[in-house]
Amino acid sequence: MTVKRLLCITLVAVTAVLVAAPVTAFALVKPLRVVVPTLVPGVICIKDTLCTDDAAKFDAARALYHDGYAKARDAVGPFRDAPRVVFCSTPACAHAFGLGAQAAQTVGDFGVIVAPRGWKSFYLAHELIHYRQAEVLGNLAVATRPKWLIEGMAYSLSGDPRHPLTEPFEQWRTQFEAWHASIGTRDMWAAARAIR
Ligand SMILES: [Zn+2]
C-alpha cells in the first residue's frame, strides 16, 4: 500500500468518524435533539427559538415563552442569546427528546424541552433560569455546583407557587433564599461564581 493510498484511507476514516459523531450523539443522547428539533418527526419551528409538535398551539406556546422569558429575565438578567424552546404537546414528542417524568428539561445553553404537563409560565421561567445559569456559569458548573444553588435559585426566582415543595426541593429553595438575602446588594452572579 502506498503512503498516498494510506493517507487517503485515513482521511476517509477520520471524515466518517467526524460526520458520524454528531449523528450518533443525536441518536443516543435524545435531549441533544433540541439542537435541531425538526429532526424529530412532527416537530416544526415557527422561528429558530420556538418549536412545537402541534401547529394549532403555536399561539399558546408563544404566550408561554413570552411570559416565562420576561419572568426569568427580570429575575436573573438579560439572556445572551434567545433560548430555543420546544413545546411538546404529546408524550411521544417528550419521549423523543428523552424526557422521563420531568415537566421540562434544560439542556445547558442548547435549549429547553417542555413536556405536555410543563406548559405553565413558572415551569418555563424555572427552565430559562437554568439556561441563564449555563450562559453565566457554564454547562459544567450547572451540573456540578451545589443543588441548593442551581435548583434552589430556579425554584425560588421562578416564583414557583408550590409551598412547600416536596423534599429535597423545599430545602434547596430555603437554603438559596437565605443565601440570596445574605448577599444583600452584591451582584448575584458574582457571588454565585464563588460557590463551590
Ligand atoms: Zn430545575
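Just so it is clear, the model here is predicted, and its values are computed rather than measured. (Residues numbered from 1 in each chain as written. Predicted model: local features only at pLDDT ≥ 70, side-chain atom pairs only at ≥ 80, totals over all residues. Heavy atoms only, no water.)

(A) Inspection of the pairing of strand 4 (residues 104-107) at higher detail. Of the two faces of strand 4, the one lined by Ala104 and Thr106 and the one lined by Gln105 and Val107 are each fully buried. Joining the antiparallel neighbours strand 4 and strand 5 (residues 111-114) is a turn of 3 residues, in which glycine 108 adopts a positive phi near 50 degrees. (Buried < 20%, exposed > 50% of the residue type's maximum accessible area, 1.4 Å probe, protein only. Helix = DSSP H or I, 4+ residues; strand = E, 2+ residues; numbered from the N terminus. Pairing = 2+ DSSP bridges.)

(B) Structural context of the packing of aromatic side chains. One pass over the full model with this rule turns up 9 aromatic pairs. With a centroid separation of 5.9 Å and an interplanar angle of 15 degrees, the aromatic rings of tyrosine 65 and tyrosine 69 are classed as stacked. Placement of the pair is tyrosine 65 and tyrosine 69 together in helix 2 (residues 58-76), with a separation of 4 residues, close to one helical turn. Look at tyrosine 65 and you get buried, because its relative accessible area is 12%. Given the relative accessible area of 22%, tyrosine 69 is considered partly exposed. Note on phenylalanine 169 and tryptophan 172: the rings are 5.4 Å apart at their centroids and 85 degrees apart in plane angle, and the pair reads as edge-to-face. You can see phenylalanine 169 and its partner tryptophan 172 sitting in helix 7 (residues 169-182), 3 residues apart, about one turn around the helix. Relative accessible area serves as the criterion here: at 26%, phenylalanine 169 is assigned to the partly exposed category. Taking the relative accessible area as the measure of exposure, tryptophan 172 reaches 18% and is therefore buried. A network of ring pairs unites the aromatic residues Tyr65, Tyr69, Phe79 and Tyr131 as a single cluster. (Phe/Tyr/Trp six-rings, centres within 6.5 Å; stacked < 30°, edge-to-face > 60°.)

(C) Region of interest: the coordination of the zinc ion. Binding of the zinc ion to the protein goes through His126 (NE2), His130 (NE2), Glu151 (OE) and Glu151 (OE), at separations of 2.0 to 2.7 Å. Relative to the metal, the 4 donor atoms surrounding the zinc ion lie at angles of 53 to 152 degrees, and the coordination shape comes out irregular. Mapping the donors of the zinc ion onto the primary sequence gives the spacing H-x3-H-x20-E. Linking histidine 126 in helix 4 (residues 121-137) with glutamate 151 in helix 6 (residues 147-157), this pair joins segments that are 25 residues apart in sequence. Here histidine 126 falls in the buried class, since its relative accessible area comes to 6%. A relative accessible area of 17% places glutamate 151 in the buried class. (Donors = N, O, S within 2.8 Å, 3.2 Å for Na, K, Ca; no water. Tetrahedral: all angles 85-135°; square planar, octahedral: opposite > 155°, others 65-115°.)

(D) View of the sheet that holds strand 5. With mixed pairing, the 5 strands of this open sheet are ordered in space as 1-2-3-5-4. Each edge of the open sheet carries a strand with a single partner, namely strand 1 (44-47) and strand 4. Neighbouring strand axes in the sheet, compared pairwise and without regard to direction, differ in orientation by 20 degrees on average. Against the sheet, helix 2 engages strand 1, strand 2 (50-52) and strand 3 (85-87), with an angle of about 135 degrees to strand 2. Running over the sheet, helix 4 touches strand 3, strand 4 and strand 5 and is turned about 15 degrees from strand 4. (Axes fitted to C-alpha atoms, helices over the stretch in contact; angles between N-to-C directions. Contact = heavy atoms within 4.5 Å.)

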